[in-house]
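So the chains spell out like this:
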Amino acid sequence: MDHPAGGTGTPAVPVRAGSCTYGAWSGSQRYVRLCDGAESDEIHGSLAEAVAAAYPRLSHRYYALKAKAMGKDRLAHWDRNAPIESAPPRVFDWREGRRIVLDSFGALGGDFADRARGFFDRPWIDGKARAGKQSGAYAHPVTADRHPYVFLNWMGERRDVLTLAHELGHGVHQVLAARQGPLMAPTPLTLAETASVFGEMLTFRSLLEKTPDPRQRRFLIASKVEDMINTVIRQIAFYMFERKVHEARRAGELTTAQIGQFWLEVQGESLGPAIRLNEGYELFWTYVPHFIRSPFYVYAYAFGDCLVNSLYAVYQNAQSGFQEAYFDMLRAGGSKRHGELLAPFGLDASDPSFWSRGLSMISRFIDELEREAEVAPARAHRRALRRGRARQHG
């Protein structure tokens, strides 16, 4: 594995590539992909340190809870994302999904919902699943003087409702940022999720409020926790793995066994004792193409997602002024750095407490799952008693 900066000891001159800057620093023995060209070493450290410090109360705690719910002391790594509940999934038709998303967006105020409604009315969405259609989902901005398109495959599942909200968030962001013109409308990767994750969270909260059935609620919350762990916790663990590999590579070539050992160390730290890493897992780093194709992309993705979670935590407690500051952030596109955009909210990404806001959202969801786990046996006992009485009187 060649050193990506082309050397082992000499500082490299950063090279601009699209919206990302690549640079290596021998003094700190780090190679970091700076996807908005502005994050400092201090900010990199604050995010990684905040997430690593949160492993015990987030991923470790959740997987221990999940193992217990599945009747096991530990889970094999292949069961990490297995459903925690076997409740039958609810099916949503397209009109219902549209209504849920637009109503959720309306809670933010302003013209967020109206902008999203335009995608349905024009129409600018290719949502119908059909034979031969590409899988996945995305929002494509085309050019700044043309409207964006949203692409997805609607199957009527709960995840599809959240995907619709996510991609419409991207679409609204692209519409609002278009005034910046073709050069400055596109956002850097660290800010690209500002509206998509936010819109998805608005919709998730709406779905949760309208889900009274305990089993469905557990399924919904657990799915969200796993999404957040996979997007923030796991991506930072990937970043830690890449750092280990690139730092070790300075001293010479690495064997497959050495790289595999780095992978096991980092995964063990992030997943915790409730996950058993079985034989063969030391090779699982090879399934992540970003390590080769887009070095350190995973850091920028975790940065963007956790940034929005922190911003949403502010929104939940905001008294006034949030809405206008948030829309200004979306309208800015790529014309401002995250520091300028966060300042109106009183936020500073170099402060570890900033990241703790976003991580606390994951913790609160796990708290709710723990409460549900405590009352579930009592609820099951009451159901059994009722069935027993019914048989006695039958």
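Our structure's up above, just so we're on the same page.
Caption draft 1: Looking closely at the packing of helix α7 (residues 196–209) against helix α8 (residues 214–249). Taken N-terminus to C-terminus, the directions of α7 and α8 make an angle of 160°; their axes are 10 Å apart at the nearest point. The angle between the axes of α7 and α8 places the two elements in the roughly antiparallel class. As α7 runs across α8, the sense of the crossing is left-handed. Between α7 and α8, the contacting residues are E200, M201, F204, L207 and L208 on the first element and R217, L220, I221, K224 and M228 on the second. Here the residues of the contact of α7 with α8 are counted per class, giving seven nonpolar, no polar and three charged.

Caption draft 2: Looking closely at the packing of aromatic side chains. Scanning all chains against the criterion turns up 32 aromatic pairs. Ring centres of F322 and Y326 lie 5.8 Å apart, and the angle between their planes is 10°; on these two criteria the pair is classed as stacked. Linking F322 with Y326, this pair stays in helix α12 (residues 322–331), spanning four residues, or about one helical turn. A relative accessible area of 7% places F322 in the buried class. By relative accessible area, Y326 is classed as buried at 0%. With a centroid separation of 6.2 Å and an interplanar angle of 65°, the aromatic rings of Y326 and F327 are classed as edge-to-face. For the pair Y326 and F327, one class covers both residues: buried.

Caption draft 3: Inspection of unusual backbone geometry at higher detail. Here the amide bond leading from R122 into P123 is cis, since omega sits at 0°, within 30 degrees of zero. Within the secondary structure layout, P123 lies in the loop between α4 (112–121) and β5 (125–128). Phi angles above zero are rare outside glycine, and V142 is one such case at about 55°. Secondary-structure assignment places V142 in the loop between β6 (138–140) and β7 (149–154). Under the relative-accessibility criterion, V142 is labelled partly exposed at 42%. You will see that F296, though not glycine, has its phi angle at about 65°, which is positive. Structurally, F296 is set in the loop between α10 (290–293) and α11 (297–317).

Reading the values: rules and limits
Residues numbered from 1 in each chain as written. Predicted model: local features only at pLDDT ≥ 70, side-chain atom pairs only at ≥ 80, totals over all residues. Heavy atoms only, no water. Axes fitted to C-alpha atoms, helices over the stretch in contact; angles between N-to-C directions. Helix = DSSP H or I, 4+ residues; strand = E, 2+ residues; numbered from the N terminus. Parallel < 35°, antiparallel > 145°, perpendicular 65-115°, else oblique. Left-handed = near helix turned anticlockwise from the far one by under 90°. Contact = heavy atoms within 4.5 Å. Nonpolar A, V, L, I, M, F, W, Y, C, P; charged D, E, K, R; others polar. Phe/Tyr/Trp six-rings, centres within 6.5 Å; stacked < 30°, edge-to-face > 60°. Buried < 20%, exposed > 50% of the residue type's maximum accessible area, 1.4 Å probe, protein only.

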